[in-house]
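Read off the chains here:
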Amino acid sequence: MDTDLWGIALVVLAGFLAGGAYAMWKVNRLIAVALAGCTVLAAASGALRLGYL
């Protein structure tokens, strides 16, 4: 895969993880916080791959 496609895929993954964290917040806050941490990592990785940071 091209570098730009990896970056876009990571940003999309961050979106899915953010939705999962939001949906999980009322059920289990520990898992929601873990998903939020993964969201931040995926978004930062995608931004770095795309050259925004």
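For clarity, every value in this text was computed on a predicted model and none was experimentally measured.

Scoring rules and cut-offs
Residues numbered from 1 in each chain as written. Predicted model: local features only at pLDDT ≥ 70, side-chain atom pairs only at ≥ 80, totals over all residues. Heavy atoms only, no water. Helix = DSSP H or I, 4+ residues; strand = E, 2+ residues; numbered from the N terminus. Buried < 20%, exposed > 50% of the residue type's maximum accessible area, 1.4 Å probe, protein only. Contact = heavy atoms within 4.5 Å. Areas by Shrake-Rupley, 256 points an atom, 1.4 Å probe, with all protein chains shown as cover. Expected span 1.5 Å × (residues − 1). Arc of directions from axis to C-beta. UniProt positions renumbered as here; feature names shortened; annotations may be inferred.

The helix and strand tally for the protein stands at two helices and zero strands. Referenced to the eigenvectors of the C-alpha coordinate spread, the extents of the protein come out at roughly 40 × 15 × 10 Å. In the protein, which comprises 53 residues, the proportion classed as buried is 17%. Within the protein, contacts between residues separated by at least 24 positions form 56% of all contacts whose residues are at least 6 apart in sequence. On the protein, roughly 3,900 Å² of surface is accessible, and the fraction owed to carbon and sulfur atoms is 73%.

Now for helix 1 (residues 3–24). In this model, helix 1 (22 residues) spans 31 Å end to end at C-alpha, consistent with the 32 Å of a helix rising 1.5 Å per residue. Taken as a whole, helix 1 has its buried residues at Gly7, Ala14, Leu17 and Ala21. Along the axis of helix 1, the buried residues cluster in a sector spanning 80°; they form a single face. More than 90 degrees from the buried face of helix 1, the exposed residues found are Phe16 and Ala23. For helix 1, the secondary structure elements touched by its buried residues are helix 2 (29–50).

Another point: the UniProt feature "transmembrane region" (unreviewed entry) in the protein. Sequence positions flagged by UniProt for "transmembrane region" (unreviewed entry) are, in local numbering, residues 6–25 and 32–52. Secondary structure content for residues 6–25 is 95% helix and 0% strand, while the C-alpha to C-alpha distance between its ends is 28 Å. When the span residues 32–52 is considered, its composition is 90% helix and 0% strand, and the gap between its end C-alpha atoms is 27 Å.

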